[in-house]
Structure formats: C-alpha cells, structure tokens
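Here is how the chains run, residue by residue.
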Amino acid sequence: MTLTLSKKMAEFTSRLETPQNNYQQAAAERLENMDFPSTRDEYWKYTRLGKITNTAFELGTKLTKTDISSFQTCDNIITIAQGEIRDDLSSFNDLSIVVERSFPGQFGVNNVRNEEKATIFTTINDAYFREEVVITIPKNTVLSAPLQVLVLHEGDQIINMPRLRVVAEGSSEATIIMTTGCQDNYTQFSNCLIELDVAANAKLTFQNVQTGNDNHLTITTIDARQAADSRLAVNTFTLNGLLVRNNVNIAVDGQNCETHMNGMLVTKGKQHVDNHTFVDHKVSNCFSNENYKYVLDDQSTGVFNGKVIVRKDAQVINAYQNNGNILLSDQASVDSKPELEIYADDVKCSHGSTTGQLDENALFYLQTRGISKEKSEKILVGAFIGDVMETIEDEATNQYIKNHLQEVHGWDSDIEI
Amino acid sequence: MAAYTEEEFAEELKNQEYKFGFTSEIESDKIPAGLNEDIIRMISAKKQEPEWLLEYRLNAYSVWQEMTEPEWAHVKYKKPDFQAISYFSAPKKQYESWDDVDPEMKATMDKLGISMDEQKKLTGVAVDFVMDSVSVATSFKEKLGELGIIFCSFSEAVQDHPELVKKYLGTVVPTQDNFYAALNSAVFTDGSFCYIPKGVRCPMELSTYFRINEAGTGQFERTLVVADQGSCVSYLEGCTAPQRDENQLHAAVVELIALDDAEIKYSTVQNWFPGDKDGKGGVFNFVTKRGICHTNSKISWTQVETGSAVTWKYPSCVLKGDNSIGEFYSVAVTNNFQQADTGTKMIHLGKNTKSTIISKGISAGESQNSYRGLVQIGSRADNARNFTQCDSLLMTDKCGAHTFPYIECKNNSAKLEHEATTSKIGEDQIFYCQQRGLSEEKAIGLIVNGYCKEVLNKLPMEFAVEAQKLLAISLENSVG
C-alpha cells in the first residue's frame, strides 16, 4: 500500500522540472518520505484526492490567450499566469507598492510559514515553484484602491504553482483581491501557496475569489501572521471548481489583534469544496470571528473544519465561529467540524453550526406575496449568503461575483420583485 | 462572611480527597498476570463457559492482536502494559444467599453507600454488585422474576439463558469495533445481564455497582441490556476503585438493545479513582458503550463523570428504526491532572429520528477536558433532527477545555443545530448574584449548580443525590 503511494508520488513529481537550487532540492528530498494523504488522515478525512493524484499533470506553458478583460475588476492588476508574473498584463502604477520577483530560497527563513500545518502540497510547492511574487505595502502607506491579483490557468492537465507573498508593513492599509480564472474548460490543478505578513498596526484584507472552470482543481494554502494591533480579514468565495480545498492558517502573534474569516460557496454538479481554517491565539487580548455559509446543490459535497486554539496564558480572547449550511438537493451532503482547543480560562469562545434546507414557512410566505417558488428560493439564498457578500466592499468585484452566481448557478442576488 | 473567591473555590476543588480510596481485605482468587490464549482458556474454564463463548473470546483475541491502540483522542498517558495485568480476580468465597455474605464485603458496600440491606428496604433499587472480576450479589431477583425480567450477572446469564446471550452478544459492539472492545471481548469476566420481556415496564431501577479492589488487576466487565418490544427500563451504573499509585485499566463494553417501542434509560455515575493531586495513579477508563434503537424506541444516556485519570468514552446511539430517539446528557468534571475525552455518537439511519446532546464540561486544576461527538445523518434518514449543545466551564488558568464535534449530513431534510461555548464563570454573573444579596460562595455554587442542572435533572432521584455530592464542586459548602 505504502509502496504504491510512494510510486504515485515519484510519478507525480517526475513530470515536474528539476529543483532549481538547494532550497528546492531540500524540499524535494523531504517529499521522498511523504505520501499523498488518504481519508484515514484526520486533516483529509472528508476529501479524496484521487482526481489530483491519478492525473498526469504537466507544468503549464506560456499563456496563449491573453485577453483578461473578463476577469479584471480593478484598475490596478498583477497577473500571474501559469505560475509566473506577466509584466505585459500587469499595471499598478497608481499604487505606491513594491512588487518583486523572488526566486526559490531567496527569502531564506521566514516566520510566516506555519510548519505545523505544512502539507505535502506546500512541500511540492516549495520544491517545484517557479517564482514567488512579493508585494510589499510600505510603512504608513494606505492604498487608495484595491489591488487585484489575477491568477490564470490554461491548457489540459496542467499543474501550476502560484506563490504569493504579501508584506503589509507597519501601519499600512490595503485590500488585495485574488481572482482565479481559467482561460478554457480543461482540467488544471492549481497548487497555490500564499503568505500574508501583517506588521504592527497594519490592516490587510485578502479576498480570495475562486472562479475557476468546472474542471478546476485547487489546493490553496494561506499562511498568515499578525503582529500587535493589526487587523486581518481573509474572505473566501468559491463559485466554481471540481475539487477545491482551502487551508487558511492564521497565527496571531501580537496583542490587540482582530482577525476575520468569512466564506461563501454555492455549488452544483459533483463539486467538492473543503475549507479548513486554523486560528492560533498565542497572546492575550485578541478577537477573532469566523463565518462560513454553504449552499449546496445537486450531488455536491461541502466540508467545513474551523479550528481555534487559545494557548496557555493567552487571556481575554473572544473567538467566534459560525457555519451555516443549506442543502438544496437530497443528494448534496455536508460535513462540518468546528473545533475549539482552549488552554486559558479568561476567554469567551463559542461556535455554532447549523444544517438544513430552506425554511418552508418563509418560502410559503413569499409565495403568498405572489412570488414564484423559484424566485422565492433565490431570495432566501441571497439573504443567507448576504452577510458574507457584504464583506466585499469593492463594487466591481461584488458585481463580478454576482454575475458569476447568475451565470453558473442562475442565482440572481439582486432580484427585482 | 469572608469573601469566597473563585481562587478559593478552585483551591477547594484541588484539595478534595477521594473518598472511596480504601481497599478491602477480602481474600481473592487472582490468576497470574499476562495475556495469551491459555489465560483466556483459563478464564473460560473457571467460568465453565460453553464452547461457543470460548471461541468468541479466542476470535476476539486474534482480532485484538492485529489492532493498534488508538491515538486520536486528546489525551496523553503511558500505555498500559497488557502483559502486566491480571485478567481475573474474584473474591474467593461464593455466597448462597445475602446472609452468607462476608461481613468485610458488606462493610465495603456500606462504605460505598450501597448497603444492600438498606437498599432493599428503603430505595427499592435492584442492585448487582461486581467486585473485581465477578458479580457478588444481586438483589430483588425473585421479585423481578415474577414479571419475567431477567436481571443477573453475566456469567449466570451465560449458564441460564445462553440463547439470549448468544443472540445479542456483540450485535451492537462487534468484536472488531475498536482496540478496547476487542480486548474486552477476549477477556471479559463478568458484568450484568438484563432482559425485559415484551410489554413489561420494569417496576424499579436496576443498578450495577462496579468496584476494582485487587492491585494489579484490570476490570473488563460486559453489560448487556435487552428491552423487548414495548418494554421500559431504567438502569443505573456506579463505580469506584481504591487509591493506588499505579494505573489500573478498566475496559468495559456496554450494549443496549431497544426493540420496537421499547425505552431504555441508562445512567452512570463514574467515580473511579482519579489519581492523586500530583496526577499519580488513577484508573484508565476506556469504555465502549453503544445502544441500538429499533422502530419507535428510545435510548437515553445520562452520565456524570467525575473520576478516572484518563477517560475515553463515547456512549452512542444507532437510530436504526424509524421514529427512534437518542439522547445524551453528560456532566464531565476533571480536576488536578485528569484527562477526559468523552462525548457521543448519534448515527441516524431511520426516518424521523431525533437526537439531543447536552454536554457540560467543568475543568479545574491542570486537567484537560474534551468533548468529541459525532452526529451522522444517513442518506435515507429523512426528517432527522439533532440538537447539540456543549458548554465548557474553566475554573483555573492552567486547565483546558476542548470541543471536537463532527457533523456529517447526507440528507437535505435534516435539521441540525450545534452550539458550543467555552468560558469561565462571568464576573458579571457573580456580581449580579451578589447584588441580589447572595454571598460570593453562594453565587458560585448557584451558578455551577444551574450550569449542570439540565443534566442532573435527567438522573433518577437516588442517583441525582449521589451525583450532586460527587460533582466535586463541594456544593455543600457553597450552597447554604
């Protein structure tokens, strides 16, 4: 059993480029002792990876379709296509930010990565990524407009390893909107690694808008670290993709921090979407809030696993988790696992999880007001995901998501009655 | 009155001694330590078991050998050496009637507060007393017999009602279920057996009292409760162990079978020796409890967990029949260096099945208290309903309270709610009570009492009293 899996790993990596330097070489060597996880592994209990491990992926080649207008929602945009930055498709002159390419190992040791939550996929990214895009928001800089990072994929059976590092220096403020897009409808696997380094008193909002195609596979890992007095929001909107797994790991290292995580997904067909979040409260006087809303249709499956750890002596922590699930079809299913691990006593931590279908009474009421059943359902779903939608302040991006809901799922959230 | 602070309350909790730590000087018949096929044959022979049961044991032993000890629970302990345990220990004398019972044994029961004489007269609870490996005495047998109720030790049941035991043994907790269930299936020595015939409401509470007395022994009892169609029974279980420096192993299996329209209420007050203030000694409590509900039936688990150094216990309900109901009410108190990983599983398979989970954890000292629960809705379980509430109360800044719920839903007509909170006693709550004229001491007592009330209310009267005493919260000092 172990043998075949290891063989799988060897096969998987044999089609990738050879590691470029010592840093990547070391990561590749670590991989030799690792296997793809099975559902016996608690962290992957509800997500089968066969679609990824059984496909012969090749690294992506240069993008041929360079029209990005259908994905662009912000004036300032950085395009990462097939895992590499495209200068010709990027423009961010309005913003006083520094964008650099960093090559494997150049950054050396960094304190943002969460080694405890390292998976085989972060290690694969370490060993085979081509370049890292580093966005620095300089000290005391408040970005006047959001910055869009467009991650594009193209081609059949392609694996890309986008890697992004955002450094929000002291007292800076920024909103970054990462949009995933596919230029065709082939199977692409995006093994994405994102590091968010939030310095003291900085405010960073990271919107992860996942609008890949119907065959898109992604494993996205976001490792973040917050210094004192900072505010970080990581919001995830999943509107497409066959297999989506998001790992958000936030280490709260400084006092008086605020951490927000919101998520929304609407699925159909045989989609499988899995969100794992992890908030590590290491110090006192912090607040974290989490709200994930799932709307599942057809035979799709959803997984939510939120974990909050309050370390010893991290007192006066308020942590909230909420997960709401609506199953629209009798074949959809959901697995929810909100976890609390508390080692300090002066805390207020709670979580709630609900699963059900649309409220019959509410549906009936709307119908008595002369609204069709179909429309009533849409109104209720729109209201259900409304609080998460509101976390996108950027009008164009909000509209982009709504258009997507309309196109892919027929969910019109701005219904005129 | 001097101010009674939360610190003092915590201190009081810390210093509380284990009341049941005595050992009884009763001559016992103990077999050598170790586990192999010969030992299993020896146990089986001692109990004059039929061939099929020996085969059942040997099969379980070979299954167990293939298994590894589970490590997923949120507890840390030194794994028991299974070859260092003696798997059979019995008080030497066998008793014909209650009057023959060794005075020392009677004294033991008295100390435990379960004097059978007294109970016979006053409380009307039928008790089966299990000391170390064998059942010592069962009261009220004849009276129950008139109604056709079988309530006896497991070994007697094997001799007298082999067809019933054979029919139901291992049907709810199969041998290969988990490491400790397999071990229990191989070496279980005694336990209680209960059968309620069709349409009979058991007129009194049935109770089993377990006690580990001998050093170097483990206790592996097996309880099987079968409620036939339309019957109803309330079953109580209590346990204690002497204070010893070593860790003793308790790996029991409890199987409940509620046939159509039957109802079983199973209450436990678990007070195994929790180890001393420094975390030395104590019982490892690795228990598998599960019930199966057929159509329109109901199983209700109520537990008050105060003892054991390490607890690993998930009383579960398999809601197989349509309209069946599962309930789980639990108060788990951990103190000093105790560790508990406890919760429940509600497996909804039938239509219109309902389950309720109320779990209250209290952590004090440097203990770790975890709730781990599974709510699973099968694809055919239409209109399933679950409500889960698990609250944790933290008494000191060194303890931990953790919540690991698993909610798996494969049917869209299900309505599932889960909520959990973790906090300490709010200063505002204490302030409010004080403002109404209560002392701080009374306020804390009131709040803790109120916090557990939902669960304590579910216990049968006799047990509720014991449980309240046991809650280790010294409520007698804090409630005036």
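Note that this is a predicted model, so its numbers are computed, not measured. Starting afresh in each chain, residues are numbered from 1 along the sequence in its written order. Each chain gets a letter, beginning with A, and each ligand a number, beginning with 1, in the order they are written. Whole-chain, interface and lining totals are the exception, using all residues; otherwise, since this is a predicted model, local features are given only for residues with pLDDT of at least 70 and side-chain atom pairs are given and counted only at 80 or more.

**Some details on the overall build of chain A**
Turning to step 1, where the next piece is worked out: Starting at the N terminus, helices and strands are each numbered in turn, a helix being any DSSP run of H or I of at least four residues and a strand any DSSP run of E of at least two. Secondary structure assignment for chain A yields seven helices and 21 strands.
Turning to step 2, where the next piece is worked out: Taking 2.2 N^0.38 as the reference for a compact globule, 417 residues should give roughly 22 Å; the C-alpha atoms of chain A span a radius of gyration of 21 Å, in line with that estimate.
Turning to step 3, where the next piece is worked out: Each principal axis of the C-alpha distribution contributes one length, and for chain A these read about 70 × 50 × 50 Å.
Turning to step 4, where the next piece is worked out: Among the 417 residues that make up chain A, the fraction classed as buried is 49%. Throughout, the radius of gyration refers to the C-alpha atoms, and the reference size of a globule is 2.2 Å times the residue count to the power 0.38. Counting other C-beta atoms within 10 Å of each residue's C-beta, where C-beta atoms are placed from the backbone, gives the exposure class: buried for 20 or more, exposed for 12 or fewer, partly exposed between.

**Observations regarding unusual backbone geometry**
Turning to step 1, where the next piece is worked out: Of note, the phi angle at Asp229(A) is positive, near 60°, even though the residue is not glycine.
Turning to step 2, where the next piece is worked out: By secondary structure assignment, the location of Asp229(A) is in the loop between strand E12 (217-226) and strand E13 (231-238).
Turning to step 3, where the next piece is worked out: In this structure, Asn383(B) takes a positive phi of about 55° despite not being glycine.
Turning to step 4, where the next piece is worked out: In this structure, Asn383(B) sits in the loop between strand E21 (368-377) and strand E22 (385-394).

**Focus on the domain arrangement of chain A**
Residue and element names in this part refer to chain A.
Turning to step 1, where the next piece is worked out: Annotation of chain A at the domain level lists domain 1 (2-254) and domain 2 (361-417).
Turning to step 2, where the next piece is worked out: Domain start and stop points were drawn from an automatic or database domain assignment. Spacing between the C-alpha centres of domain 1 and domain 2 amounts to 30 Å.
Turning to step 3, where the next piece is worked out: Contacts here follow a simple rule: the backbone-placed C-beta atoms of the two residues must lie within 7 Å. Contacts between domain 1 and domain 2 engage twelve residues on the former and ten residues on the latter.
Turning to step 4, where the next piece is worked out: Those elements giving two or more residues to the side of domain 1 that touches domain 2 turn out to be strand E9 (173-182), strand E11 (203-211) and E13.
Turning to step 5, where the next piece is worked out: A per-element tally of the side of domain 1 that touches domain 2 places E11 first, with three residues.
Turning to step 6, where the next piece is worked out: The classification used treats Ala, Val, Leu, Ile, Met, Phe, Trp, Tyr, Cys and Pro as nonpolar, Asp, Glu, Lys and Arg as charged, and all other residues, Gly among them, as polar. Considered class by class, the residues forming the side of domain 1 that touches domain 2 number six nonpolar, six polar and no charged.

**Let's talk about the interface of chain B and chain A**
Turning to step 1, where the next piece is worked out: Of the residues lining the interface, 29 residues belong to chain B; the matching set on chain A comes to 31 residues.
Turning to step 2, where the next piece is worked out: Elements with a minimum of two residues in the side of chain B that touches chain A: strand E23 (400-409) and strand E24 (415-423) of chain B.
Turning to step 3, where the next piece is worked out: At ten residues, the largest contribution of residues to the side of chain B that touches chain A is made by E23(B).
Turning to step 4, where the next piece is worked out: In terms of residue class, the side of chain B that touches chain A is made up of eleven nonpolar, eleven polar and seven charged.
Turning to step 5, where the next piece is worked out: Bridging between strand E20 (residues 333-342) of chain A and E23(B) involves six bridges; their strand directions are antiparallel. Its bridge partner being in E23(B), Ser336(A) is matched across the sheet by Ile407(B). Strand pairing follows a simple DSSP-based rule, namely that at least 2 bridges must link the two strands.

**What about the environment of Tyr180(B)?**
All names here are of chain B.
Turning to step 1, where the next piece is worked out: Along the chain, Tyr180 falls in helix H9 (residues 179-187).
Turning to step 2, where the next piece is worked out: Look at Tyr180 and you get buried, because 24 C-beta atoms sit within 10 Å.
Turning to step 3, where the next piece is worked out: Tyr180 sits 107 residues away from Val287 along the chain, and the two C-alpha atoms are 7.3 Å apart.
Turning to step 4, where the next piece is worked out: Not counting residues up to four positions away in its chain, the partners in contact with Tyr180 are Ala251, Phe286 and Thr288.

**Focus: helix H4 (residues 120-128) of chain A**
All names here are of chain A.
Turning to step 1, where the next piece is worked out: Most of H4 is tucked away, with eight of its nine residues classed as buried.
Turning to step 2, where the next piece is worked out: Restricting attention to buried positions, one finds in H4 the residues Ile120, Phe121, Thr122, Ile124, Asn125, Asp126, Ala127 and Tyr128.
Turning to step 3, where the next piece is worked out: Looking at the buried positions of H4, the neighbouring elements they touch are helix H2 (22-32), strand E8 (163-168), strand E10 (188-198) and E12.

**Regarding the pairing of strand E15 (residues 310-313) of chain B**
Residue and element names in this part refer to chain B.
Turning to step 1, where the next piece is worked out: Along E15, one buried face is formed by Val310 and Trp312 and the opposite face, lined by Thr311 and Lys313, is buried too.
Turning to step 2, where the next piece is worked out: For strand E13 (residues 282-293) and E15, the ladder comprises four bridges, and the chain directions are parallel. By the bridge assignment, Phe286 is partnered in E15 with Trp312.
Turning to step 3, where the next piece is worked out: Where E15 and strand E18 (residues 339-342) come together, four bridges link them in parallel fashion. Looking at the pairing, Val310 lines up with Gln339 of E18.

**Describing the nonpolar core**
Turning to step 1, where the next piece is worked out: Counting 215 residues, the largest nonpolar core has Leu196(A), Val310(A), Cys194(B), Ala227(B), Ala258(B) and Ile264(B) as the members making the most contacts within it.
Turning to step 2, where the next piece is worked out: Three or more residues apiece are contributed to this core by two domains, here domain 1 (2-254) and domain 2 (361-417) of chain A. By definition, a nonpolar core groups buried Ala, Val, Leu, Ile, Met, Phe, Trp, Tyr and Cys residues that are joined through C-beta atoms within 7 Å.

**Regarding the environment of Arg201(B)**
Turning to step 1, where the next piece is worked out: Structurally, the position occupied by Arg201(B) is in the loop between strand E6 (190-196) and strand E7 (206-211).
Turning to step 2, where the next piece is worked out: When neighbours within four sequence positions are excluded, Arg201(B) is seen to be in contact with Ser231(B) and Cys232(B).

**Comments concerning the pairing of E12(A)**
Turning to step 1, where the next piece is worked out: Among the ten residues that make up E12(A), ten are buried, leaving the element largely enclosed by the rest of the structure.
Turning to step 2, where the next piece is worked out: Side chains Leu217(A), Ile219(A), Thr221(A), Asp223(A) and Arg225(A) of E12(A) all project onto a buried face; the interleaved residues Thr218(A), Thr220(A), Ile222(A), Ala224(A) and Gln226(A) project onto the opposite face, where all are buried too.

**Some thoughts on the packing of H2(A) against H4(A)**
Each packed pair of helices is defined by two parameters, the angle between the axes and the distance between the axes.
All names here are of chain A.
Turning to step 1, where the next piece is worked out: Taken N-terminus to C-terminus, the directions of H2 and H4 make an angle of 145°; their axes are 7 Å apart at the nearest point. Between H2 and H4 lies a crossing of left-handed hand. Residues Gln24, Ala27, Ala28, Arg30 and Leu31 of H2 pack against Thr123, Ile124, Asp126 and Ala127 of H4.
Turning to step 2, where the next piece is worked out: Classifying every residue of the contact of H2 with H4 by side-chain character gives five nonpolar, two polar and two charged. The angle between two axes is taken between their N-to-C directions and runs from 0 to 180 degrees, where each axis is a line fitted to C-alpha atoms and a helix contributes only its stretch in contact. Each crossing gets its handedness from the near helix: less than a right angle anticlockwise from the far helix is left-handed, clockwise is right-handed.

**With respect to the environment of Gln271(A)**
All names here are of chain A.
Turning to step 1, where the next piece is worked out: Inspection of the secondary structure puts Gln271 in the loop between strand E15 (258-267) and strand E16 (272-281).
Turning to step 2, where the next piece is worked out: Placed 57 residues apart in sequence, Gln271 and Leu328 show a C-alpha to C-alpha distance of 14 Å.
Turning to step 3, where the next piece is worked out: Ignoring sequence-local partners within four residues, the contact set of Gln271 consists of Gly241, Leu242 and Ser300.

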